[in-house]
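Structural overview for review
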Amino acid sequence: SEKLWVAQAELTASMPKEQAAALSASIKKAGAQANRASIVALVPGAAEVFSKSPEAIGMVAAGKSVEATIIATAAAALK
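Residues numbered from 1 in each chain as written. Predicted model: local features only at pLDDT ≥ 70, side-chain atom pairs only at ≥ 80, totals over all residues. Heavy atoms only, no water.

Here the focus is the overall build of the protein. Within the protein one finds 4 helices and 0 strands. The linear arrangement of helices and strands in the protein, starting from the amino end, is α-α-α-α. Here the C-alpha radius of gyration of the protein, 15 Å, is well above what a compact globule of 79 residues would show, namely 12 Å. C-alpha extents for the protein along the principal axes are approximately 35 × 30 × 15 Å. In the protein, which comprises 79 residues, the share counted as buried stands at 10%. (Helix = DSSP H or I, 4+ residues; strand = E, 2+ residues; numbered from the N terminus. Rg over C-alpha atoms; globule rule 2.2 N^0.38 Å. Buried < 20%, exposed > 50% of the residue type's maximum accessible area, 1.4 Å probe, protein only.)

Given below as structure tokens:
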């Protein structure tokens, strides 16, 4: 699980600046378009699939353990 998080960060970091900036802008735009009500409506189904399985629990733990590194790596890639 940790390897997946790190690989995703490395992929983003290795992208050309223009593509990384475009990806970041796209994610930001999509996030701004999703209102709280639409997200809340998805939570019950998503919780069953993504947060209660053993694999999901392992991914959450791995993600939290490398979160600061991932954020720093992505931020550095966008500079």
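With respect to the helices and strands, the residue A22 is situated in helix α2 (residues 17-33). Distance in space between the C-alpha atoms of A22 and L78 is 9.8 Å, their sequence separation being 56 residues.

This brings us to the environment of V43. Among the structural elements, V43 can be located in helix α3 (residues 36-50). The sequence separation of V43 and E10 amounts to 33 residues, and the corresponding C-alpha distance is 29 Å.

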